[in-house]
Amino acid sequence: MSFDVPDDRRYLESHEWATTGGDTVRIGVSDFAQDELGDVVFVELPEAGDEIAAGEAFGVVESIKAVSDLYAPVSGEVAAVNEELFDRPELVNEDPYGDGWMLEVSPTEGGDAEELLDAGEYDDQIA
């Protein structure tokens, strides 16, 4: 099975993605992750203004199969939360790189995104 791995973002080995290049970093889970999870039924996310740290858990995604921690690809302050997911968690399955995004973070100085996997490296990991 082939999974969508856009090359305009970076990835954690734990299957979270981060967009780079703007003032904020948008975070979500990969197509592979949503497929492994199955139907997502609940998402727990931090609030705007909260601090998250790269490599540490920032939330939880619950599916019909499992409950999984979500890990931060970068450190920074949460600038926005996709509140639509609280009423429609299935967006994580339907559009993991679009409407299923989870957070926008104002990264701390220096950021951590360059240490993440690029699309080719992530694609090799899930192959």
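Here is what the cut-offs are and how they apply
Residues numbered from 1 in each chain as written. Predicted model: local features only at pLDDT ≥ 70, side-chain atom pairs only at ≥ 80, totals over all residues. Heavy atoms only, no water. Pairing = 2+ DSSP bridges. Helix = DSSP H or I, 4+ residues; strand = E, 2+ residues; numbered from the N terminus. Core = buried A, V, L, I, M, F, W, Y, C linked by side-chain atoms within 4.5 Å. Buried < 20%, exposed > 50% of the residue type's maximum accessible area, 1.4 Å probe, protein only. Contact = heavy atoms within 4.5 Å. UniProt positions renumbered as here; feature names shortened; annotations may be inferred. Polar contact = N/O pair within 3.5 Å; in protein donor to acceptor, adjacent residues only side chain to side chain.

A. Representation of the sheet that holds strand 5 (residues 51-52) within the structure. With antiparallel pairing, six strands are arranged side by side in an open sheet as 1-2-3-9-8-5. Two strands lie at the open edges of the sheet, namely strand 1 (9-11) and strand 5, each paired on one side alone. Relative to strand 2 (residues 16-19), strand 1 runs antiparallel, the two being bridged by three bridges. The residue bridging Arg9 from the neighbouring strand is Thr19, located in strand 2.

B. Just the nonpolar core, in detail. Membership of the largest hydrophobic core comes to 25 residues, with the highest contact counts inside it found for Ile27, Leu45, Ile52, Phe58, Met102 and Leu103. At the level of secondary structure, the elements contributing two or more residues to this core comprise strand 3 (25-29), helix 1 (31-37), strand 4 (40-44), strand 6 (57-63), strand 8 (76-81), helix 3 (91-94) and strand 9 (103-107). When sequence neighbours within four positions are dropped, the list of residues in contact with Ile27 reads Trp17, Ile52, Phe58, Pro73, Val74, Trp101, Met102, Leu103 and Val105. Counting eleven residues, the second-largest nonpolar core is a separate cluster that includes Phe3, Val5, Tyr122 and Ile126.

C. Representation of the UniProt feature "modified residue: N6-lipoyllysine" (unreviewed entry) in the protein chain. UniProt records the feature "modified residue: N6-lipoyllysine" (unreviewed entry) for Lys65 in the present numbering. With respect to the helices, strands and loops of the structure, Lys65 is situated in the loop between strand 6 and strand 7 (67-71). Beyond its immediate chain neighbours, meaning those up to four positions away, Lys65 contacts Asp35, Glu36, Leu37 and Gly38. Among the polar contacts listed, one links the side chain of Lys65 to the backbone oxygen of Glu36, at a separation of 3.5 Å.

D. Representation of the pairing of strand 6 in the model. Among the seven residues that make up strand 6, five are buried, leaving the element largely enclosed by the rest of the structure. Note: strand 4 against strand 6, four bridges, orientation antiparallel. Bridging from a neighbouring strand, Val43 pairs with Val61 of strand 6. The pairing of strand 6 with strand 7 spans five bridges and is antiparallel. Its bridge partner being in strand 7, Gly59 is matched across the sheet by Leu70.

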